[in-house]
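Chain and residue survey
Each chain, written out:
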Amino acid sequence: MTALPRIEINGHPATAEELARPAVVNYGHFTVMQVRGGRTRGMDLHLARLDAAGNVLFGAGIDAVLVRDRIRHALGDTPDAGVRVSVFWPAGDDAPSIMVVVRPPDDPPSSPQSLQTAIYQRPVPQVKHAGTFGQIYYGRRAERAGFDDALLVDADGVISEGSVTNLGCYDGGSVIWPDAPALDGITMQLLEQALPARGVPSRRGPVRIADLESCEAVFVTNSRGVAAVGRVNELRLPVSEEFMKTVTEAYESVPWDLI
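These remarks concern the structure in this document. All residue numbers refer to position in the chain's written sequence, counted from 1. Since the coordinates come from a predicted model, pLDDT governs what is reported: local features require at least 70, and pairs of side-chain atoms require 80 or more to be given and counted, while whole-chain, interface and lining totals use all residues. Excluded from the side-chain calculations are hydrogens and water; all other atoms, namely the structure's heavy atoms, are used.

1. Comments concerning the overall build of the chain
Counting from the N terminus, the helices are DSSP H or I runs at least four residues long and the strands are E runs at least two residues long. What the chain contains, in helices and strands, is 6 helices and 16 strands. Structurally, the chain occupies a C-alpha span of about 55 × 35 × 30 Å along its principal axes. Out of the 259 residues in the chain, the part that is buried amounts to 48%. Working rule for contacts: check all heavy atoms of both residues, and any pair within 4.5 Å makes them a contact. Partitioning the contacts of the chain with sequence separation of at least 6, the portion at a separation of at least 24 is 70%. A 1.4 Å probe rolled over the protein chains alone gives each residue an accessible area, and that area as a share of the maximum for its type sets the label: buried under 20%, exposed over 50%, partly exposed in between.

Here it is, written out as structure tokens:
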């Protein structure tokens, strides 16, 4: 089994020259997934994300069959991994390049998360794009202050998303996802589909920091899975083990797709 991390570009080990292109011109888009036994959840959503982002950034989508082939080749004999698929288009090339990074697998946090708010709005938020300086800056600032991550809000305290997560709020009847400019995460989309079968519908609506106090549970989602939120700034939030069990079971009920 080849050591991790491993980086391939267009189906072969990345060369220094090839890596210099995205390093110097930080323009592109990507998606991140967890792979177990050569399968991942929401593969169709990952492919749709890459295709839509390619049209926004480059005016051209991307071949889903080619993406799957590149991922399988990069995985090789590695059954379990964290995989990042990045797309960039070097000047002068006739087609975009697909870079696949294979890392050790990640699991969701085992303890409730603490979030520090930051007034920041990602540019072109519907795209999971490279060049995420603001997200990294505020995320690290939050960590230095003793929090797990940043929560992005506007000047009025309206929540959009975490630096690398989506936020869900349970009001006792349904999950509310912030109706604000943000990336529709793959795990969030899968939960929107899976939770109703467990009696928990989802809806979009404005969510403010002040609203969190009245929620029965708050949680975050990303490619690693789901995790409860126990604190935002100095506000302590209830952690419902029963509800988080429901959310986790809903997510785990999503079938694994063969790559």
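2. Remarks on the environment of aspartate 156
Structurally, aspartate 156 can be placed in the loop between strand 8 (149-153) and strand 9 (159-162). Along the chain, aspartate 156 and isoleucine 119 lie 37 residues apart, while their C-alpha atoms are 9.0 Å from each other.

3. Comments concerning the nonpolar core
Counting 21 residues, the largest nonpolar core has Val175, Leu191, Leu195, Phe219, Phe243 and Val247 as the members making the most contacts within it. Secondary structure elements with two or more residues in this core: strand 11 (175-178), helix 5 (186-194), strand 13 (217-222), strand 14 (225-232) and helix 6 (241-252). In contact with leucine 195, not counting residues within four places along its chain, are Val175, Val200, Ser202, Thr246, Val247 and Ala250. Working definition of a nonpolar core: buried Ala, Val, Leu, Ile, Met, Phe, Trp, Tyr and Cys residues. They are joined through side-chain atoms within 4.5 Å. Grouped together as the second largest cluster of nonpolar side chains are 18 residues, Val35, Leu47, Val102 and Ile259 included.

4. A short note on helix 6
Over its 12 residues, helix 6 runs 16 Å from end to end, which matches the ideal 16 Å to within 8%, given 1.5 Å per residue. By the burial criterion, the buried members of helix 6 are Phe243, Met244, Val247, Ala250 and Tyr251. End-on, the buried residues of helix 6 take up no more than an arc of 120°, which puts them together on one face. Across from the buried face of helix 6, at angles greater than 90 degrees, the exposed residues are Glu241, Glu242, Lys245 and Glu252. The elements touched by buried residues of helix 6 are strand 4 (39-41), strand 10 (166-170), strand 11, helix 5, strand 13 and strand 14. Expected helix span is taken as 1.5 Å per residue step, with the number of steps being one fewer than the number of residues. The arc refers to the directions leading from the helix axis to the C-beta atoms.

5. Points about the environment of serine 160
Along the chain, serine 160 falls in strand 9. Judged by its relative accessible area of 6%, serine 160 falls in the buried class. A sequence separation of 22 residues divides serine 160 from alanine 182, and the C-alpha atoms of the two residues are 5.7 Å apart. Leaving out residues up to four positions away in the same chain, serine 160 has contacts with Gln121, Leu152, Pro178, Ala180, Pro181 and Ala182.

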